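Examination of the molecular architecture
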Amino acid sequence: MESEVLSVLRSGQIAQGTRVASLETQIAEMLGVDHVIAVGNGTAALIAGLRSLGLPAGSEVITSPFTFVATVNACLSAGLKVRFADIGLSDFGMDPDAAAKAVTDDTRCLLPVHLYGQTADLAQLADLAASRDLRLVEDAAQALMARFDGRPAGTWGTGCFSLYATKNLTSGEGGLISTNDPDQAAWLRAFRNQGMVERYVYEILGDNLRMTDLQAAVALPQLPVYDERVAARRRNSDLLRDGLAGVEGLTLPGEIDGRFHVWHQFTVLVDETGPIDREMLAAALAEQGIGSGVYYPRLLGEYPHIRDDGRVALGETPNAAHAARSCLSLPVHPKVTENDIEHIVSTVRSAFEQKP
Ligand SMILES: *Cc1c(COP(=O)(O)O)cnc(C)c1O
């Protein structure tokens, strides 16, 4: 990585150039799509991806209330209305039945989030989109190379990815949009670069969303080891699931049949009626020097600026509310060793045994 970045610095071409192009080509190959467009971050990917649909003013997007705030920020920034549909607790993704019930006359788009590295039920969501004439945009920020029936996240609709520092593949800051539609791809390439199709020929109102070659140089050396790193995450999740099986009051995450999980996060639910609560478990882990995280502690509709935005319809989302109250993510990244996992497992087990 250091040598790639250094050679960009020495080349004198540090803005968008050949390395960004190479990253786009390689990711397109990985995903098996015709076009990948790199942008400055995942939020920009979502905004541009939504704008590229050219939806009429007042169009509504159905999405999850249990996600990173960027998902909803992007919808509102793209000038769209938002309606929340509940998630399923087995995959933390948009529940197709809830989404079907949420569709209104204004709905034009479904925006499922492939949370923690496992896809939502893409077959059913794609069917719903087709039957109700809706576009499908996927927030695959946490799910690069997650698959449903062998087909990668982000290739069922317009795919939006993040290469932020904490994601499975990173450029520090970065984003990607994937599509098989050549016109949409051309629009996105123009949009990210001031609407320019050739020097001083501006065809649409654009923006500056360009990724730099410096960022691409950080991501490129990770590509040959990407599958290996996902395999390490998968191994760690297996060890955690084996070690934590049977702990009463703890619901473990799993890989659903037919899906391929890339384990961006390993997220347990600490049952509210169980012997200890989430905060007690997090404290017990912290005491042993083990980091854990709450992604995400609140439904997006609880934040006043979202709740009170006239364009947002909250709906009833009890599963999402339950997840927000009880989720806790344990370390699963490739640098976590087998010894670390033993330590995590014994710490969790004794926290549940030493209940007050
Ligand atoms: C990281 C993330 C984003 C936003 O990506 P940035 O690169 O941080 O802008 C959007 N949605 C989800 C679910 C994410 O995890």
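The structure we're discussing is the one just above.
Bear in mind the structure is a predicted one, so any value in this text is a computation, not a measurement.

Describing the packing of helix α3 (residues 42–51) against helix α4 (residues 70–77)
Running from amino to carboxyl end, α3 crosses α4 at an angle of 40°, the nearest separation of the two axes being 9 Å. One way to sum up the angle between α3 and α4 is to call them oblique. Note on packing geometry: the crossing formed by α3 with α4 is right-handed. Mapping the contact onto sequence places Thr-43, Leu-46, Ile-47, Leu-50 and Arg-51 in α3 and Ala-70, Thr-71, Ala-74, Cys-75 and Ser-77 in α4. Class assignment for the residues of the contact of α3 with α4 results in six nonpolar, three polar and one charged.

As for the site of the ligand
Around the ligand sit 16 residues in total, of which Gly-42, Thr-43, Asp-139, Ser-162 and Lys-167 are the nearest. Contact between the ligand and Ser-162: an oxygen atom at 2.7 Å from a side-chain N or O atom of the residue. In the model, an oxygen atom of the ligand is placed 3.0 Å from a nitrogen or oxygen of the Lys-167 side chain. In this structure, the ligand is accommodated by the largest pocket. Breaking the shell around the ligand down by element, the ones donating at least two residues are α3 and α4. In terms of residues, the shell around the ligand owes the most to one element, α3, which gives three residues. Across the shell around the ligand, the residue classes tally to six nonpolar, eight polar and two charged.

Section: the sheet that holds strand β4 (residues 107–111)
Pairing within the open sheet is mixed, and its eight strands lie in the order β1-β9-β8-β5-β4-β2-β3-β15. Looking at which strands have only one partner, the edges of the open sheet turn out to be β1 (35–39) and β15 (312–313). Here β1 runs beside strand β9 (residues 175–179); their pairing, made up of five bridges, is antiparallel. Across the sheet, residue Val-39 finds its bridge partner in β9, namely Gly-175.

Considerations on the pattern of salt bridges
In the structure shown here, the tally under the stated rule is 11 salt bridges. In this structure, the salt-bridge partner of Glu-24 is Arg-192, at a minimum N-O distance of 2.8 Å. Placement of the pair is Glu-24 in helix α2 (residues 18–31) and Arg-192 in the loop between α7 (182–191) and β10 (196–198), with a sequence separation of 168 residues. The residues Glu-24 and Arg-192 share a single accessibility class, namely buried. Where Arg-311 meets Asp-309, a salt bridge forms, and the shortest distance between an N and an O atom there is 3.0 Å. Judged by its relative accessible area of 17%, Asp-309 falls in the buried class.

What about the sheet that holds strand β6 (residues 147–148)?
Sheet architecture is open: three strands sit in the order β7-β6-β13, paired in antiparallel fashion. What marks the edges here is a single partner per strand, and that holds for β7 (151–152) and β13 (259–260).

Quick look at the packing of aromatic side chains
Applying the stated rule across the entire model yields 10 aromatic pairs. Members of the aromatic cluster, joined through ring pairs, are Phe-66, Phe-68, Phe-92, Tyr-116, Tyr-295 and Tyr-296. One Lys or Arg, Arg-147, reaches over the ring of Phe-260 and ends 4.3 Å from the middle of that ring. Across the ring face of Trp-156, the terminal group of Arg-151 is positioned such that the distance to the ring centre comes to 4.3 Å.

The rules behind each value
Residues numbered from 1 in each chain as written. Predicted model: local features only at pLDDT ≥ 70, side-chain atom pairs only at ≥ 80, totals over all residues. Heavy atoms only, no water. Axes fitted to C-alpha atoms, helices over the stretch in contact; angles between N-to-C directions. Helix = DSSP H or I, 4+ residues; strand = E, 2+ residues; numbered from the N terminus. Parallel < 35°, antiparallel > 145°, perpendicular 65-115°, else oblique. Left-handed = near helix turned anticlockwise from the far one by under 90°. Contact = heavy atoms within 4.5 Å. Nonpolar A, V, L, I, M, F, W, Y, C, P; charged D, E, K, R; others polar. Near = heavy atom within 4 Å. Polar contact = N/O pair within 3.5 Å; in protein donor to acceptor, adjacent residues only side chain to side chain. 1 Å grid on protein atoms, 1.4 Å probe; cavity = no way out; pocket = protein on both sides within 12 Å on 5 of 7 lines; lining within 4 Å. Sits in = over half its atoms within 2 Å of the grid points. Pairing = 2+ DSSP bridges. Salt bridge = Lys/Arg side-chain N within 4 Å of Asp/Glu carboxyl O. Buried < 20%, exposed > 50% of the residue type's maximum accessible area, 1.4 Å probe, protein only. Phe/Tyr/Trp six-rings, centres within 6.5 Å; stacked < 30°, edge-to-face > 60°. Lys NZ or Arg CZ within 6 Å of the ring centre and 35° of its normal.

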